[in-house]
Amino acid sequence: MVSRKNLRWKIDEVKTSLGTFKGLEISVGRLYVEDWEEPMGPTPFPSITDLRDWDRKLLSRYRPFYMPFCDLCCLCTFGKCDLTGNKRGACGIDMATQQSRIVLLAACIGVSAHAGHARHLLEHLKEYYGEDTPLDVAMNTDLEAPNTRLVCGVRPRTIGDLEDVLDYVETQIVHLVSSCHTGQEGDNIDFESKVFHAGMLDHVAMEVADIVQIASLDLPKGDPEAPMTQIGFGTIDKSKPVIMVIGHNVLPSVDIIDYLMERNLFGEVEVGGLCCTAIDMTRYNNKMAKIIGPISWQMRFIRSGIPDLIVVDEQCIRVDVVQQAQKIGAPVIATNEKSCLGLPDRTHADPKEIVEELAEGKVPGVLILDPKKVGEVAVEAVLRIAPKRRGFKTLTREEVQEAAKRCRGCLECVRACPNTLPIQEAVKAASQGDFSKLAALYDLCVGCARCEHACPEGFPIISFMNRAAEEKIADERFNIRVGRGAVQDVEIREVGRSIVLGEIPGILALVGCANYPRGGVEVARLAEEFLKRRYIVVATGCAAMSIAMVKNEEGETLYERYPGIFDAGGLLNIGSCVSNSHISGAAIKIASIFAKRPLRANYEEIADYIYNRVGAVGVAWGAMSQKAASIAAGFWRLGVPVIVGPHGSKYRRMLLGRKEREEDWYVYDARTGRRVYVGPVPEHLFYAAETLEEAMVMVAKLCMRPNDTSKGRAIKLTHYIDLHKRYYGTLPEDLPLYVRRESDIPFTMRSEILKVLKAAGWEEGKIETPDPTLLERLIRRRA
């Protein structure tokens, strides 16, 4: 698609058979020139119901299992309505439908956040670089926007071509939100279908956001050898002025870096980031920018007293950041209309006036909606503020010990902690001069500060932890590969066959937030386990950061030990939250490039291919946000299972298969049209694991697909059985459901497994190996 906007013709006078026209002006809002030879598929720009049948096929296998937080509905003035048992609310809604409605609302918030982010990037970067900026987003790649092509049926060539794509996403969000109004949708499965729709839209919105910034800001273009950069407290030189940036929209950070470079201030000011802004600004300039850590580190870094000035953009910011910053005497610059934080709008003020206000402490912060002005003000202000803060001191160990003596032993801190950490025990030990227990909590704390609000003594417990772990913090420096962006087309061609046939046992996507049950080290353990087993491991956002924060005995992180290629044993930092679209994009590319399935607006067929053939699993071990919910939903519609940690159960429902229901696990054999039993693969679509060990076993299990060859299934069963025996001490009880014939059995386990299968009454050939599909229209010959 090539488009041009605002075409206008002015004609002084023209004579036609209809008459004479003077001063004629003709305006065309957008002119399209089609340059894509592939025929249009069945569902371009799909509405809420266009893919409803596909959703219901999945949801008939993976029935929602609800875990209500609340038995009441309070969304209208008829309420509160008690929905326990078989009761219905005043509008007629029941418990299952209400829970699905809440899930949809969460997904709509998530996709809205990414769509708003994409819109801001698109409008700003069009203004600065022009709408004709070409979409050069990955090396050795022709399929530059797989989600957009699949969903919308258009082939964007420039960033301006993406405007209609975002218009579509935004329109669909309005329809989805409206369905949540009282007296609208009344069926829980139709709500769940709408959740899938929101997820699909989210992957389109994320793709728009990332390819726009890649193309305009010249971020890495699918580079498997993207450079290393550093992450951790220890990367920040505290002797220099320090700007701390938080959020997900990189534009203000880009302009801070540009201003420093323009003024020859390279190395004079430290720019450190948290959350996805940090990842994206190191994609932009890995020499100037530094990653401090994931979202959960916001409070601990502010409390450290290191930042002299804090810049926030959008999403996942502590909304009390201004109040927290005031405790250390650091002003805040808010840069996005979605997060104004009650600060005075100084967008149109003279930069020198703003700098004066911030440097002299006349205001706690300001709102500036012009990224260029943010760059100037942030740098000039921090150069004046930093010398005045040199004398700032945080709590000493002696002060912590003295304060800790006031601990009442009430356990309110422990009850408030989402992970029930032994905070009181650690504080009591500190009162006796033993800081080791407080230091031990440092890596486990998610930084929510609920313990502080619960404490009747008002202890700044996070500050206590910082002081106790000060030696560790000083040395906290790790290497992480810069976010590379998309997977190249050529990489897909090289590994597509091995993935589809099961010879590469699976793709593990580690994504999501940092609400971990036992610290980020678990994400690194998960990554290492499957890297050793020659899975492809891809990561984004906070999970990508957490993977970097573990070293081996030689002092190397996983990024230093494993290559950044999309192949067996490769570890890829794809990028920030919006880069998750490249993970779904890689699955789409396998169907399009390797299998040569028609891509254009052909969602059902591509999703059917991925579901039955591509052994991919997502793990969001610390999932917290509504964005994480919508990201997961986009994978579900493509047939990719997602595992979350124990806190993920708070999303209120799982999508669980019932492996004992044989009738749920039939597919069509596209070669003959027969319906055949293929076993429960994959068993679940959305699953909350209680422990990391349970998650590891489930990852191996959920990578199995109906299309696996005997060699591929044997490889996958080897990993499933080995992990199950390691963590549960036994062979899996459900092995008979996954062994189709004797050639599927791993050779080294053959006698042991055959004995178990025969005892269970297993029959060879009952589970078939067809050309699998859930879609009747893909049957090539009828039985």
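Quantities reported herein were computed from a predicted structural model and do not represent experimental measurements.

Asker: So what's going on with the pattern of salt bridges? Residues and values would help.
Answerer: What the rule picks out here adds up to 66 salt bridges. Note that Lys 405 and Glu 402 form a salt bridge whose closest N and O atoms lie 3.5 Å from each other. Residue Asp 722 is joined to Arg 726 by a salt bridge in which the shortest nitrogen-to-oxygen separation is 3.8 Å. Of this pair, Asp 722 and Arg 726 both sit in helix α27 (residues 710-728), separated by four residues, roughly a single helical turn. The class for Asp 722 is partly exposed, based on a relative accessible area of 30%. The exposure class of Arg 726 is partly exposed, given its relative accessible area of 43%. Put simply, Arg 119, Glu 123, Lys 126, Glu 163, Asp 167 and Glu 170 are held in one network by salt bridges that share partners.

Asker: Which residues make up unusual backbone geometry, and what values go with them?
Answerer: Look at the link from Gly 79 to Lys 80: it is a cis peptide, with omega at 10°. Summarising the element assignment, Lys 80 is placed in the loop between β4 (72-73) and β5 (81-82). Backbone torsion omega between Val 681 and Pro 682 reads -15°, so that peptide bond is classified as cis. Looking at the secondary structure, you find Pro 682 in the loop between β21 (675-677) and β22 (684-688). Phi at Phe 45 takes a positive value of approximately 45°, unusual for a residue other than glycine. Relative to the assigned elements, Phe 45 resides in the loop between β2 (19-33) and α1 (52-61).

Asker: Residues and numbers for the pairing of strand β9 (residues 289-293), please.
Answerer: In summary, the side chains of a regular strand alternate between the two faces of the sheet. Counting buried positions over the five residues of β9 gives five, a clear majority of the element. In this sheet, β9 lies alongside strand β8 (residues 270-274) in parallel orientation, the contact comprising four bridges. Looking at β9, one finds that Gly 273 is bridged to Ile 291. Handedness of the crossover joining β8 and β9 through helix α7 (residues 276-284) is recorded here as right-handed.

Asker: Got a sec to walk through helix α24 (residues 603-613)? Specific residues and values, please.
Answerer: Of all eleven residues in α24, eleven are buried; the element is thus mostly enclosed. Along α24, the residues that are buried comprise Tyr 603, Glu 604, Glu 605, Ile 606, Ala 607, Asp 608, Tyr 609, Ile 610, Tyr 611, Asn 612 and Arg 613.

Asker: Explain the sheet that holds strand β20 (residues 666-669) to me, and be specific about the residues and the numbers.
Answerer: Read across the sheet, three strands follow the order β21-β20-β23 without closing on themselves; strand pairing throughout is antiparallel. In this open sheet, the two strands that pair with only one neighbour each are β21 and β23 (772-773). Two strands pair when backbone bridges link them, and β20 and β23 are joined in this way by two bridges, in the antiparallel orientation. Bridging from a neighbouring strand, Asp 669 pairs with Pro 772 of β23.

Cut-off values and rules
Residues numbered from 1 in each chain as written. Predicted model: local features only at pLDDT ≥ 70, side-chain atom pairs only at ≥ 80, totals over all residues. Heavy atoms only, no water. Salt bridge = Lys/Arg side-chain N within 4 Å of Asp/Glu carboxyl O. Helix = DSSP H or I, 4+ residues; strand = E, 2+ residues; numbered from the N terminus. Buried < 20%, exposed > 50% of the residue type's maximum accessible area, 1.4 Å probe, protein only. Pairing = 2+ DSSP bridges. Right-handed = clockwise from strand over helix to strand, strands pointing away.

Worth remembering: the numbers are spatial, not functional.
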